[in-house]
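Structural characterization, general
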Amino acid sequence: MAKSHRREASVASAIAALALVLAIAAPGYFSAENLSDVFLANLPVLLIAVGMTLVIVTGEIDISVGSTFAVCGVVAGILAKAGVPSVLACAAACLLGASAGSLNGALVAYVGIPSIVVTLAAMTAWRDGLRWATEGAWVQDLPRSFQWFGLTQAEFPFVAAVVAATLTAAFAWGLRHVAAGRAVYATGSNIDAARLAGLDTAAVKWLVFTILGALTGLAAVLNAVRFNQIPSNAGIGLEMKVIAAVVVGGASVAGGTGHVLGTVLGVVLLAAIGPALTFLGVSAYWERAIQGVIILVAIAADGLRHPVYRRVVGVVAGARA
Amino acid sequence: MTPEREAFSRANDARLKGSRSTTVNILLSASSISKSFGDIHALHNVSFDLHPGEVHALVGENGAGKSTLIRIMSGAEQPDAGTLTVAGRAVPRMTPALAHTLGIAAIYQQPSLFPHLSVAENLALTLEAGSVWRRVRWDVRRRRALALLEAAGAAIDPARLASTLSMPEQQMVEIAKAVGADAKIVIMDEPTASLMDEEVARLFSVIARLRAQGAGIVYISHRLEEVFAVSDRITVLRDGETVATRATASIDRSELIQTMVGRALTEVYPKRPVAPGDVALELRHLSNRALGIHDVSLSVRRGEVLGVAGLVGSGRTELAETLFGLVPSDGGEILLRGTPVRIDSPAQAIRLGLGYVPEDRRQHGVVLEMPIASNASLASLGAVSSRGLIDRAAERRSAEGHVQRLRIKTPSVTAEVGSLSGGNQQKVALARWLSTEPDVLILDEPTQGVDVGAKAEIHALIQELAERGLAIIMISSELPEVLGMSDRVAVMHAGTLSGVLSRAEATQDRILALALAPKPVARAFQARDRRP
């Protein structure tokens, strides 16, 4: 427990340092307008990262979220154009996302295919399927009721913030206090022990992929309503941003550790870097490189924890031989 | 050094008189080797030597230290104290690479081939010399592999991938490797464990040829018939110490078994007789082809501790895994309180009132990264939650109760289990099953790698649970523990029961004799043929 808090503390101090530099060099960054923009732009990352935290804690990964995101957004737009009420279009996108996630989850949990393979295939299939279906065309002429969910441009950020905060808090609390949350950690830490304790580890894995899919669908709609057209190539590279945020937030890709709070901090840190560079006058091309360095540092910190563990296991294995 | 051994060395020295240095005529000598893993003394002051042209058998119970000794001789482990001498030269630091150069080849129980490479490539990897940039001559490589396999008595196509080989075939490839390395010292750890009778015969002729060429062979086997058939000398290890080195001709089977166990029951076990209740669990001709279990029939009553003894690989753990639904059975019946049940998953086993503390607690027993409280409640989350929500206070109270009752040494129930000692980890694994209140508790090596104090506490707990009416199945490699704690002892051999002894009948000699039951392969075949 202590070690994960340490990680959260260091991410939080990195955010604080960044905020301090910005407050001095570019006070404009903290205008309500800019903060609202940054929040809305990163809302999809946050929602998907919460779901990704569950998947990574079970020791799996999903790199298809960017493609699912694009498909769900386009489908929601088409439905809205066809006259379906925004709320129903949003529900349909969530359902579609959940189905895509549940297909991934079933292939991982019940067929036993490694998640990286399953979701790599899903990523390509959804992306190219969408390209084929739309022929690259964007969804345009969206009805007024779809944009901002029929709210005003000023109201929407508040509603979105409430939705995001509620969901994030629910998952943070649920992972700690719901029996199923415990099963997620047990499955990722030691799947054999979890099975022997009577937990249905396959169902756990299937469920976390399904939840991630549903959250991806929701994220796609909340993003789509901000614009008057929906690009069919949305979400390219989104999976990397999401996974980076989760890993920076302290979850181990080996499974078993990670918290929603850490993920939130990871999202904030990565979200702050891009605009910060712009405000500081650094070329935006550096954004990805700097993100890469941050991920590398986070994973290296993860690797530093492990040799000790491995040594202990090695001694025990030796004694048993 | 025993008198016999001294006599033997003297005789040998006399035989080899004329050469300038007598030590050169000892191929390998390990003297005063000690090795500990944490608190466990695997070897203490062990000495062993090997002459050219002899087969020297190494025997002992599970955990006597045989494997550790050969791992030290082949450079896989470093001893804490003692010296290794190869062909008269002291080797201060043995490594696997140095062992290879010195002509030491080890064939382990579990073959270590590269599954995705062909047989010829596997052989070439250890045998071909030269730079990594050399040109590979595939035809030469193939011809050499064929010749070596033939010398090892195996008809295997060198082009086959190692992953397609059966266990005995892999074993034969390992032997071919040793033959090809022109090894002067060949260490064989249970080489016949997976071989059929005719393959054993072929192996013995390979051994005879190696011996005739002047190689020395260290031969480890649980099958005493083979030891008598093939060896010149026998060294007996017990609890990490050499107890005797004898010429094979001067010792018989029963004397050898006595030497292997020959330990007085010094520990005091808290065993008190409990009036046995109803039959809690009964197995009728239980089989599990996937795990090699066949035709196991036994029963255990409430209040009874049924010890399960047997050598490593005899199917004890596999029987437990079948019972707990990890790999469901495919034949026979399981009856709980007289009702036939089907157990397909651990979750179902738990619902039916079974509990299982597995053998390897770090791998299967506890979740090291989780705190004590979460580990203890993992199998009984329903009991500490309402409508799916965990009542953390209740969970904590329950865990604190376990910590107090089992005397788990920890600052708090929020401490990660990985930070505890082995004995305390095992107590946490036990606590998990106290929370589910099972009727039948299966314990697999409950005190393995646990210090003496914790061991006594675990034994006391087992007794207490039996008195509360639990039926306990206790698998253990430690004969004194089996004898000390059990009301009855079931002995397993080659995947089935070879006998059940009452507390009065059970002695170390009788258990070991049943565990070593001869002709296991033939017996397994008969059992398989009988099945409809």
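Residues numbered from 1 in each chain as written. Chains lettered and ligands numbered in written order. Predicted model: local features only at pLDDT ≥ 70, side-chain atom pairs only at ≥ 80, totals over all residues.

**Describing the overall build of chain A**
On a plain count of helices and strands, chain A comes out with 12 helices and 0 strands. A globule of 321 residues ought to have a C-alpha radius of gyration of about 20 Å, and chain A, at 20 Å, matches this closely. With the C-alpha coordinates of chain A rotated into their principal frame, the extents come out at 70 × 50 × 35 Å. Relative to its 321 residues, chain A shows a buried fraction of 46%. Taking as baseline every contact in chain A between residues at least 6 positions apart, the subset at least 24 positions apart corresponds to 79%. (Helix = DSSP H or I, 4+ residues; strand = E, 2+ residues; numbered from the N terminus. Rg over C-alpha atoms; globule rule 2.2 N^0.38 Å. Buried ≥ 20, exposed ≤ 12 C-beta atoms within 10 Å, placed from the backbone. Contact = placed C-beta atoms within 7 Å.)

**Focus on the pairing of strand β10 (residues 241–247) of chain B**
All names here are of chain B. The sheet contact formed by strand β9 (residues 233–238) and β10 spans 6 bridges and is antiparallel. Its bridge partner lying in β10, Val236 is registered against Ala244. Taking the residues that link successive antiparallel strands as the turn, the β9-β10 hairpin has 2 residues, and the phi of Asp239 there is positive, at about 50°. (Pairing = 2+ DSSP bridges.)

**Let's talk about the packing of helix α10 (residues 238–248) of chain A against helix α11 (residues 260–279) of chain A**
All names here are of chain A. Axis separation between α10 and α11 bottoms out at 7 Å; the angle between their running directions is 120°. Overall, the two elements α10 and α11 adopt an arrangement that is oblique. Where α10 crosses over α11, the handedness of that crossing is right-handed. Where α10 abuts α11, its residues Lys241, Ala244, Ala245, Val246 and Val248 lie against Thr263, Gly266, Val267, Leu269 and Leu270. Classifying every residue of the contact of α10 with α11 by side-chain character gives 7 nonpolar, 2 polar and 1 charged. (Axes fitted to C-alpha atoms, helices over the stretch in contact; angles between N-to-C directions. Parallel < 35°, antiparallel > 145°, perpendicular 65-115°, else oblique. Left-handed = near helix turned anticlockwise from the far one by under 90°. Nonpolar A, V, L, I, M, F, W, Y, C, P; charged D, E, K, R; others polar.)

**Section: the interface of chain A and chain B**
Listed by partner, the interface residues are 24 residues for chain A and 29 residues for chain B. Elements supplying a minimum of two residues to the side of chain A that touches chain B: α7 (179–189), α8 (191–196) and α12 (286–320) of chain A. If you tally residues by element for the side of chain A that touches chain B, the top one is α7 of chain A, at 6 residues. Residues that form the side of chain A that touches chain B fall into these classes: 13 nonpolar, 7 polar and 4 charged.

**Some thoughts on the domain arrangement of chain B**
Taken domain by domain, chain B holds domain 1 (25–261), domain 2 (282–353 + 438–532) and domain 3 (362–436). Spacing between the C-alpha centres of domain 1 of chain B and domain 3 of chain B amounts to 44 Å. (Domains from an automatic or database assignment.)

**Points about the sheet that holds strand β8 (residues 216–220) of chain B**
Residue and element names in this part refer to chain B. In spatial order, the strands read β6-β7-β8-β3-β9-β10; together these 6 strands make up an open sheet with mixed pairing. Edge positions in the open sheet fall to β6 (104–107) and β10, since each of these has one partner strand only. Geometrically, the sheet is characterised by an average inter-axis angle of 15° between neighbouring strands, direction not taken into account. Sheet topology places strand β3 (residues 55–59) next to β9; 4 bridges connect them, and they run parallel. Note that in β9 the partner of Ala57 across the bridge is Ile234. Set on the sheet, helix α2 (residues 66–73) makes contact with β3, β6, β7 (185–189), β8 and β9; between it and β7 the angle comes to about 150°. Contacting β6 and β7, helix α6 (residues 167–180) crosses the sheet at an angle of about 175° to β6.

**Looking at the sheet that holds strand β15 (residues 339–341) of chain B**
Residues and elements named next belong to chain B. Spatially, 4 strands are ordered β12-β11-β14-β15 in an open sheet, and the strand pairing comes out antiparallel. Each edge of the open sheet carries a strand with a single partner, namely β12 (293–301) and β15. When the angles between neighbouring strand axes are averaged without regard to direction, this sheet yields 20°. Relative to β15, strand β14 (residues 331–336) runs antiparallel, the two sharing 3 bridges. By the bridge assignment, Ile334 is partnered in β15 with Val341.

**Here we look at the environment of Val38 of chain A**
Residues and elements named next belong to chain A. Its place among the elements puts Val38 in helix α2 (residues 32–57). C-beta crowding within 10 Å serves as the criterion here: with 17 such atoms nearby, Val38 is assigned to the partly exposed category. In this structure the C-alpha to C-alpha distance between Val38 and Ala194, which are 156 residues apart in sequence, comes to 40 Å. Beyond its immediate chain neighbours, meaning those up to four positions away, Val38 contacts Ala271 and Pro275.

**Thoughts on the nonpolar core**
Residues Ala76 of chain A together with Ile472 and Ile511 of chain B are the most contacted members of the largest nonpolar core, which totals 242 residues. A total of 15 residues in this core trace back to one element, the largest contributor, which is helix α9 (residues 201–224) of chain A. With residues up to four places along the chain from it excluded, the contact list for Ile472 of chain B reads Val305, Leu306, Leu441, Leu443, Ile462, Leu465 and Ala466 of chain B. (Core = buried A, V, L, I, M, F, W, Y, C linked by C-beta atoms within 7 Å.)

**A short note on the pairing of strand β13 (residues 305–310) of chain B**
Residue and element names in this part refer to chain B. Across the 6 residues that make up β13, a large majority, 6, are buried. In β13, alternate side chains face the same way, and those of Val305, Gly307 and Ala309 on one face and Leu306, Val308 and Gly310 on the other are all buried. Summarising the sheet, β13 and strand β20 (residues 471–475) pair through 4 bridges and their orientation is parallel. Following the sheet pairing, Gly307 is matched in β20 by Met474. As judged from the 5 bridges shared by β13 and strand β21 (residues 488–493), these two strands associate in the parallel manner. Looking at the pairing, Val308 lines up with Ala490 of β21.

**Quick notes on the confidence of the model for chain A**
Counting all residues, the mean pLDDT for chain A is 87, and 92% of those residues have values of 70 or more. In the model, residues 307–321 of chain A has pLDDT below 50 throughout and makes 12 contacts with residues more than four positions away in sequence or in other chains. (pLDDT = per-residue confidence, 0-100.)

**Quick look at the environment of His285 of chain B**
Take His285 of chain B: it is sitting in strand β11 (residues 279–288). Setting aside anything within four residues of it in sequence, one finds His285 of chain B in contact with Asp295, Ser297, Gly331 and Gly332 of chain B.

**Details of unusual backbone geometry**
Residue and element names in this part refer to chain A. At Trp148, a position not held by glycine, the phi torsion is positive, near 55°. Summarising the element assignment, Trp148 is placed in the loop between α5 (115–134) and α6 (155–177). Judged by local crowding, Trp148 falls into the partly exposed class, with 18 C-beta atoms found within 10 Å.

**Concerning α9 of chain A**
Helix length check: α9 of chain A, at 24 residues, gives a terminal C-alpha distance of 35 Å against a target of 34 Å (1.5 Å per residue), a fit within 8%. Counting buried positions along α9 of chain A gives 22 out of 24 residues, so the element sits mostly inside the fold. (Expected span 1.5 Å × (residues − 1).)

**Some remarks on the packing of helix α4 (residues 86–111) of chain A against α5 of chain A**
Residue and element names in this part refer to chain A. Close contact between α4 and α5 brings their axes to 9 Å; oriented N to C, the two are set at 145°. Judged by the sense of rotation from one axis to the other, the crossing of α4 with α5 is right-handed. Here Ala100, Asn104, Leu107 and Val108 of α4 lie close against α5, whose contacting residues are Ser115, Val118, Thr119, Ala122 and Trp126. Here the residues of the contact of α4 with α5 are counted per class, giving 6 nonpolar, 3 polar and no charged.

**Topic: α4 of chain A**
Along its 26 residues, α4 of chain A runs 36 Å from first to last C-alpha, staying within 8% of the 38 Å computed at 1.5 Å per residue. Two residues or fewer after α4 of chain A comes Gly112 of chain A, characterised by a positive phi angle close to 85°.

**Focus: the confidence of the model for chain B**
All names here are of chain B. Summarising the model, chain B shows a mean pLDDT of 85, and 90% of its residues fall at 70 or more. Of all the helices and strands in chain B, helix α19 (residues 520–530) carries the lowest mean pLDDT, 38, while β20 carries the highest, 96. Under a pLDDT of 50 for its full length, residues 1–24 has, in the predicted model, 19 contacts with residues more than four places off or in other chains. With a pTM of 0.74, the predicted complex shows an ipTM of 0.76.

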